[in-house]
Amino acid sequence: SSGINAEWPLRPGIVILIDSTFSQHSMAPLSSWVAMVTVLLLPEAVSGTCKTVNGVHGACKLRLNYFTLAGTHNSGAGAYGLLYWYSGAVAPSCNIRNQDKSITQQLELGIRYFDFDLSYLSSSSGSWWEKGLVLVHCNGVVGCAYSRSLKRALREIDNFMARTPDAVVAIRFKDHPSSARADIRNHLKDEVLSSFTHVQVNPDPNPYLKDAINSNKRVFVYANGGFAPRSPINELRQVETYFGSSASDTCYTVNDILSALQKDKYNRAGNSYYPVQVDWYTTGLCLWDEAGYCDGKMFHRLVDINKMVVQKYHRPINLVPIDYAGRGPVKLSDVVKEINEYNVKMF
């Protein structure tokens, strides 16, 4: 039927409709009655028995902190085209735009971790500005450039996961203008929960992946502590390799990453549940050019980094965000799948 959303997974169901015509003078049915047997296509819940996780066999046995997700940095900054200053002027893509693929296209490339910077608009205006939480990229010198609403991005994720029953996705809300903090705090939970209708947000920060898939609680959301996150959103705590802003014409070495992890305050805290994030991008020049230093063959360096982290900390890396997903000839998700196959063998 043209009225059925073709993006929903469908299953056959049988409904028998019987139309019996009764005599005006008798309760006995007439000999002529019509029985219609109609096969309907109904939306199917995407929960079920875990067989693979993000295409990886054997991963159902792992907890989330023993699994690796391919990600994007500032995932919404460019996902809907150009960004705009609050004045309405176009923001320069050179140092503001991090992506050129839509959220759905990123998912189709195998991206399963999204890093969203947020602000809040108190009213709508025209076809672009939408009231509520909005995706931004903020620069400490020139301010925040605006993309589209958070709801748009989350609904794209929800629709993709409805037709991809082994998908597990993590979302981070971290950076924001301080002036929007109170509004983000007041609206974040409601906007997140109302945006997901096919899958649920998992309140457990570190479940077994089989339990997440079997219960259809396959979305994990982590938010800046300043947003006072409430269940099922978890407070953001992660070991991270962010190096700050420094122009570079090379990507990082294995030793660079290990040294950064060793210095991170949450690593020193010793909590093995904290996700380990390897920020696989450099900053300082135009972001499109910078992305070229870390993509392609450089992605394979992540395999060695993961092996070294496993040897040193007895757990793998978990999150690998990049700029401009799909830019080079090698898909990050293919390399992350290789990493996860190693994780399955080790754990």
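In case you missed it, the structure is sitting above this.
Given the structure is predicted, the values throughout are model-derived calculations rather than measurements.

S.K.: How would you explain the nonpolar core if you had to name every residue and give the values?
M.R.: Judged by nonpolar contacts, the single largest core of 59 residues is most densely connected at F116, I157, I171, F173, L188 and W280. Beyond its immediate chain neighbours, meaning those up to four positions away, I157 contacts I103, L107, F114, F116, V169, I171 and F196. Residues V56, A212, I213 and L236 belong to the second largest nonpolar core, which totals 20 residues.

S.K.: Describe in detail the environment of T52, supporting the description with residues and values.
M.R.: Relative to the elements of secondary structure, T52 occurs in strand β3 (residues 52-53). Those residues in contact with T52 that sit more than four places away from it in its chain are H57, C60, D166 and I213. Looking at T52, its side chain comes within polar contact range of the side chain of D166, at 2.8 Å.

S.K.: Tell me about the pattern of salt bridges, and name the residues and values.
M.R.: Going through the model one piece at a time under the given rule, you end up with 8 salt bridges. Among the ionic pairs, K174 bridges to E240, the shortest N-O distance being 3.4 Å. Within this pair, whereas K174 is found in the loop between β10 (169-173) and α4 (181-195), its partner E240 is found in strand β13 (residues 239-240), the two being separated by 66 residues in sequence. Given a relative accessible area of 12%, E240 falls into the buried group. Within the structure, one salt-bridge network assembled from shared partners comprises D115, R172, K174 and E240.

S.K.: Quick one: what's the story with the state of the cysteines, residue by residue and with numbers?
M.R.: Scanning the model with the defined rule gives 4 disulfides in all. In this model, C50 is linked to C60 through a disulfide, with the two sulfur atoms separated by 2.0 Å. The disulfide joining C50 to C60 has a torsion of about -85 degrees about its S-S bond and is therefore left-handed. Taken together, the residues span a long stretch of sequence, with C50 in the loop between β2 (34-43) and β3 and C60 in the loop between β4 (56-57) and β5 (69-72) at a distance of 10 residues. Given the relative accessible area of 13%, C50 is considered buried. A sulfur-sulfur distance of 2.0 Å marks the disulfide that ties C251 to C294.

S.K.: Any chance you could break down the environment of M308 for me, citing the residues and the numbers?
M.R.: Along the chain, M308 turns up in helix α9 (residues 301-313). For M308, a relative accessible area of 34% puts it in the partly exposed group. Separated by 50 residues in the primary sequence, M308 and L258 place their C-alpha atoms 8.0 Å from one another. Those residues within four positions of M308 in sequence are excluded, and the remaining contacts are V254 and L258.

S.K.: How would you sum up unusual backbone geometry? Please name residues and give values.
M.R.: Of note, the bond from S231 into P232 is cis; its omega dihedral lies within 30 degrees of zero at 15 degrees. On the secondary structure map, P232 appears in the loop between β11 (219-223) and β12 (234-235). For H314, which is not glycine, the phi dihedral falls at a positive 60 degrees. Looking at the secondary structure, you find H314 in the loop between α9 and β15 (319-322). The phi dihedral of Y324 is positive, around 50 degrees, even though this residue is not glycine. Note on Y324: relative accessible area 7%, which makes it buried.

The rules behind the values
- Numbers given for residues are sequential positions, taken from 1 along each chain in its written order.
- Confidence filtering applies because this is a predicted model: local features only for residues at pLDDT of at least 70, side-chain atom pairs given and counted only at 80 or more, and all residues used for totals across whole chains, interfaces and linings.
- Working from all heavy atoms in the structure, the side-chain values ignore hydrogens and water.
- Throughout this description, the term nonpolar core refers to a set of buried Ala, Val, Leu, Ile, Met, Phe, Trp, Tyr and Cys residues connected via side-chain atoms within 4.5 Å.
- Burial classes: relative accessible area under 20% of the type maximum marks a residue as buried, over 50% as exposed, and values in between as partly exposed (1.4 Å probe, protein chains only).
- In this analysis, two residues are considered to be in contact whenever any of their non-hydrogen atoms come within 4.5 Å of each other.
- Numbering goes from the N terminus for both helices and strands, where a helix is a DSSP run of H or I of at least four residues and a strand is a run of E of at least two.
- Polar contacts, as counted here, are pairs of nitrogen or oxygen atoms within 3.5 Å of one another; within protein the pair requires one atom able to donate a hydrogen and one able to accept it, and residues that are adjacent in sequence qualify only if both atoms are side-chain atoms.
- One side-chain nitrogen of Lys or Arg within 4 Å of one carboxyl oxygen of Asp or Glu is enough to make a salt bridge.
- For this text, the term disulfide refers to a pair of cysteine sulfurs within 2.5 Å.

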